[in-house]
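Okay, here's what each chain looks like letter by letter:
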Amino acid sequence: MPDSSSIAVHRCRFVDFDPSAITALAFPPLPLPSAKKTASTSSRSTFPRFGTLAVGHANGNIDLCEWTSSGDEIQAYQGWSVVKTINGLYPSKVDSLAFIIRDPDEIKPDEVPALSNLRLFSSGGGSVLIEWDMERLTRTIESQGGSIWSIAANPSSTMLALGCEDGTVRLLSVSDDTLTYHRRFDRVKCRILSIAWGPPTPNERQESIESDSDDDSDDWTDSWLVTGCSDSSLRKWDASSGRMLDRMGTDKMRGERTLVWAVSVLGDGTIVSGDSLGMVKFWDSRTSTQTYSFQAHAADVLCLVAGSDGNVVYSSGVDQKTTQFSLVKTSSSPENTSILRASSRWVQSASRRMHSHDVRALAIWPPHTPLPPSYRRHFPTDIAPVLASGGLDMSVVVKPAAPPSSTTISKVINPLATSVDVVFEDSYHRRLPYPPGPSSNCSVQVARRARLVSCMRDSGLSIWKILKTASMEEEVDPDAHDWEKCLEMEFDVSTNLVASAMSEDGRWLVVSDMYETKLFSLSLESDGSIKPRRIRDFSNIIQPHLPPKPASTGGLAFAFTPDSTKLVMSTAMTSCVVVIDLNNGSGKPSVLRRFDQHRQSNVRSKRVIKDLKTGGDVEMAEPDEESDSEDEEDASKPTQANVLRLAVSADGQWLASSDDQRRTNVFNLDTLQHHCVLPSFAHPAQCLAFDPSRPSHLLLAFANNTFQIYDVEARQFPAWAHELTSHLPRRFTTIHDALVGVAFAPISSPSSQKYVVFWGATWLCKINLDASAQSSRKRRRTKEVSPEKQETGQWEQKVKMITQYRPLLLVDFVAEGELVVVERPLVDVLGTLPPAFFKHKYGAS
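By the naming in an unreviewed UniProt entry, the protein chain is U3 small nucleolar RNA-associated protein, taken from Marasmius crinis-equi.

Structural data, given as structure tokens:
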């Protein structure tokens, strides 16, 4: 450590938090180019900004992950980080995911659709198709006939195809932000297990359309689609009539039916299939004949994805291998694409084992769009695509996946910055840590004064008590009986639990799903157990103070004041911040105030600080200043923001709240008034925390391992904090696991050392704030200006990082100099899974 202080550590591994398996991955599609333009003008020459990664889980939750780089930077050391979680119905699961562009006409061909212009659909094995409202985190449900096995959106984002249990393909129209039944294809006597759309064709009426027309969605017509079936076959269908065009038969083993689990279509019309025999086959869509067949896997192939340029295909499945197939030239030929395909062949070029259990989903960025050869997109060859995979081992694995031909290029950028190797066969893969809870909020909580630890699960919650005080000489043995379970609770919920919190004195517990918040009064029994008593009319107390629609008393985040007399909650569907008095003398909670600042479209709150290195303090406007008439009109319209972060100062005076639209507000709990609004930064706040030694100093930490410190009382950034945040150590900002939480050390006297502990899934970092402030004051007195590298080196000496604890679910203090570190080792998590597929290579009969 940078100073002589020591911290006693409770190393807890008894918490039974179990992340959920990954069953689906999806990237947003890119808009189609205009069919009026020639191939040279419609091809893309720039690398698209990284899109949102949707991760579907076996418990029904969907994580929305954003790329953590700032601005137009290509590389991001932390990769994708979970911004918010859409909580699924309980019980439910996610089997398939599909993004659709809400309004393709408003997006340029070189533009990546933002989350606000995307629609997300999922199926979970039943007869229900779910469209998720990604703003309010609510659901719109449309029932369809028969169980849905697969879903796929057409390239122009106007149709959604469903493969059903009853042997039919159903088309739904999603154009103009609708969801209506369009057509049902002819029925076959098997299940439709997988589905993919073929390349669209330009409309023949383009010559009659005016050249200045901006409506590019009508330029293309869907020609056909292909389905993988449960009767050892693939079928090609006419998209306009719903008639079957051709049937392609696969191999059988001992007369049993082969299941075609995955299909994909390339831009030139080549069909790729993966089946239950471990075979990956390539088919010519014009003649419906098999061209190549590979015994690539020892068990079922569950997923396929085509590379960005369509010259590479990846497959994976039960045997945990990810296999690469490449299109290689067999002879020199002109650049004509049809001749090139004739002089090329597909080969199995590489395979990697990056997972310990079944792989259920593959996705790649930039995504492949099946376009005719003359309209094929061209991406820069000096930037490697990124391949993402997920399965039963709960973690998303990402790796650069440049095609083998990239070895001829002198320098190719690795967006993940893991190494200089970018080719799939040689590059390093990296596991993104599973989030510690919904929306990266910690499911594990600590009640300091009561020395309690709670863990929230999908529909239940457990509480343990820490019995022994940690010694500074050694860590508490995680296997010793220094803790005991006090309470085990299961709840009747509509969705998976969203958030929970315990008061510091251990007297109050609050949990919530998307529709209802449950408040409990806890009492400690003589035998050491905890007896909960539910406040039955809590929902009826807060409901009159909330907007009538939508009718929900659920909460996304909770925070108790340090004296445990007030509860602050952010509502799940109405974007309100509610302050509740728990100790008003009447024995029943009462609502003190509701704040609607996060419901307002305040233009001033959307300012972005691009570079804080160029100036000093930033003065903030008074909250009651007059705004322009246009601003007032916008502010009157409620927005759909999700307030995911709350923090209360140590003296109970200040409350900070931050939403997924990067807006942070500060409230005064003494006067129950809105105090100020902070600038909006490039990323949403990953966590908020007040410094107990300076109760008005708010720390905002971000997923790209940077942070800012703001004095809410003075409404400015302190000079010493600005100097610290401008010279963060490179090891801190470039570590590959994103920052998850912040823990300030409690102080009992003015002489206590003031430091803060930042932590991620595999690391802890301690920064001495006293040394930072003293160093800043000393430089101001001497007026010395040091080179930037020298100043960065000085900060390196004041920062200490350790990586011996992993993976972390929570790091927090229970007392001064006493730290709780909650781990959930991956080995323990994988121990709850069934055995992985294994096939003996030697000695097998």
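Alright, that's what it looks like, and here's the rest.
*Asks:* What exactly am I supposed to notice about the overall build of the protein chain here?
*Replies:* Regarding its fold elements, the protein chain presents nine helices and 56 strands. Taken over 845 residues, the protein chain has a buried fraction of 60%. Considering only intrachain contacts with a sequence separation of at least 6, the fraction spanning at least 24 residues in the protein chain is 60%.

*Asks:* What exactly am I supposed to notice about the sheet that holds strand β33 (residues 452-456) here?
*Replies:* By way of backbone hydrogen bonds, the strands of a sheet pair with one another, either parallel or antiparallel. Taken together, four strands build an open sheet; the order of strands is β32-β33-β34-β35 and the sheet is antiparallel. Edge positions in the open sheet fall to β32 (444-447) and β35 (483-490), since each of these has one partner strand only. Across the sheet, the mean angle from the axis of one strand to that of its neighbour is 20°, orientation sign disregarded. Across five bridges, the pairing between β33 and strand β34 (residues 460-466) is antiparallel. Bridging across to β34, M456 finds its partner in L461.

*Asks:* Looking at this model, I keep getting lost on unusual backbone geometry. Mind explaining?
*Replies:* Most peptide bonds adopt trans geometry, and most residues besides glycine take a negative phi value. Residue P91 is bonded to the preceding Y90 through a cis peptide linkage, with omega at -10°. The topology assignment puts P91 in the loop between β5 (80-86) and β6 (96-101). The residue after R806, namely P807, is reached through a cis peptide bond having omega -20°. Here P807 shows up in the loop between β54 (799-802) and β55 (808-815). In this model, D177 sits at a positive phi of 60°, which is unusual for a non-glycine residue. Relative to the assigned elements, D177 resides in the loop between β12 (169-173) and β13 (180-184).

*Asks:* When you look at the nonpolar core in this model, what are you seeing that I'm missing?
*Replies:* Looking at soluble globular proteins, one finds that nonpolar side chains tend to be buried together. In this structure, V15, V444, W759, L764, F813 and V822 are the most contacted members of the largest nonpolar core, which totals 38 residues. In terms of residue count, β55 provides more of this core than any other element does, six residues in total. Not counting the four nearest positions on each side in its chain, V822 is found in contact with C12, V15, V444, P807, L808, L809 and L810. Listed in part, the 25 residues of the second largest apolar core include W67, A76, W80 and V112.

*Asks:* Sorry if this is basic, but what is going on with the sheet that holds strand β27 (residues 344-353) here?
*Replies:* With antiparallel pairing, the four strands of this open sheet are ordered in space as β24-β25-β26-β27. Every other strand in the sheet has two partners, leaving β24 (301-306) and β27 as the edge strands with one partner each. Strand-to-strand twist of the sheet, defined as the mean angle between neighbouring strand axes without regard to direction, takes the value 20°. Relative to strand β25 (residues 312-317), β24 runs antiparallel, the two sharing five bridges. Directly across from A306, in β25, lies its bridge partner V313.

*Asks:* Just checking my understanding: could you explain the pairing of strand β10 (residues 148-153) for this structure?
*Replies:* Successive residues of a regular strand alternate their side chains across the two faces of the sheet. Bridge count between β10 and strand β11 (residues 159-164): five bridges; the pairing is antiparallel. Bridge pairing in β11 links I148 to C164. Between β10 and the antiparallel strand that follows it, β11, lie five residues; S157 among them carries a positive phi value of about 60°.

*Asks:* Would you mind showing me how to read the side chain of S658 here?
*Replies:* If you trace the backbone, S658 turns up in strand β45 (residues 654-659). Judged by its relative accessible area of 2%, S658 is buried. In this structure, S658 is in contact with H598, N642, V643, L644, R645, R663, T664, A685 and L688, ignoring residues within four places of it in sequence.

*Asks:* Sorry if this is basic, but what is going on with helix α5 (residues 719-726) here?
*Replies:* Since the α-helix turns once every 3.6 residues, residues separated by three or four places project in the same direction. The element α5 is largely enclosed, with a buried count of seven among its eight residues. Those residues of α5 not exposed but buried are W720, A721, H722, E723, L724, T725 and S726.

*Asks:* Just checking my understanding: could you explain the pairing of β13 for this structure?
*Replies:* Here β12 runs beside β13; their pairing, made up of four bridges, is antiparallel. When the sheet's bridge partners are listed, L171 is paired in β13 with R183. Following β12, the chain reverses through six residues before pairing antiparallel with β13; D176 in that reversal takes a positive phi of roughly 55°.

*Asks:* What is the right way to read the pattern of salt bridges from this model?
*Replies:* Pairing is possible between side chains of opposite charge, provided their charged atoms come close. Counted according to the given criterion, the structure contains 29 salt bridges. Measuring nitrogen to oxygen at the nearest pair gives 3.2 Å for the salt bridge that ties D166 to R170. Using a relative accessible area of 23% as the deciding quantity, one classes D166 as partly exposed. Taking the relative accessible area as the measure of exposure, R170 reaches 8% and is therefore buried. Overlapping salt bridges, with partners in common, bring together D16, R457, K485, E488 and E490 in one network.

*Asks:* I tried to follow the confidence of the model for the protein chain on my own but got confused; where do I start?
*Replies:* Parts of the prediction with low pLDDT should not have their coordinates interpreted in detail. Here the protein chain averages 86 in pLDDT, and 85% of its residues register 70 or above. Taken together, the stretch residues 206-214 has pLDDT below 50 and engages in six contacts with residues farther than four places along the chain or on a different chain. A low-confidence stretch, residues 782-788 (pLDDT under 50), is modelled with three contacts involving residues beyond four sequence positions or located in other chains.

*Asks:* What is the right way to look at the packing of aromatic side chains in this model?
*Replies:* In this description, a pair of aromatic rings is defined by centroid distance and the angle of the planes. Following the criterion strictly, the structure yields 26 aromatic pairs and no others. Measuring from ring centre to ring centre gives 6.5 Å for F282 and Y292, while their planes differ by 85°; the resulting arrangement is edge-to-face. Of this pair, F282 sits in strand β22 (residues 279-284) while Y292 sits in strand β23 (residues 289-295), and the two are ten residues apart along the sequence. Grouped by ring-pair contacts, the aromatic residues F27, F47, F50, W67, W80 and W365 constitute a single cluster.

Cut-off values and rules
- Residues numbered from 1 in each chain as written.
- Predicted model: local features only at pLDDT ≥ 70, side-chain atom pairs only at ≥ 80, totals over all residues.
- Heavy atoms only, no water.
- Helix = DSSP H or I, 4+ residues; strand = E, 2+ residues; numbered from the N terminus.
- Buried < 20%, exposed > 50% of the residue type's maximum accessible area, 1.4 Å probe, protein only.
- Contact = heavy atoms within 4.5 Å.
- Pairing = 2+ DSSP bridges.
- Axes fitted to C-alpha atoms, helices over the stretch in contact; angles between N-to-C directions.
- Core = buried A, V, L, I, M, F, W, Y, C linked by side-chain atoms within 4.5 Å.
- Salt bridge = Lys/Arg side-chain N within 4 Å of Asp/Glu carboxyl O.
- pLDDT = per-residue confidence, 0-100.
- Phe/Tyr/Trp six-rings, centres within 6.5 Å; stacked < 30°, edge-to-face > 60°.

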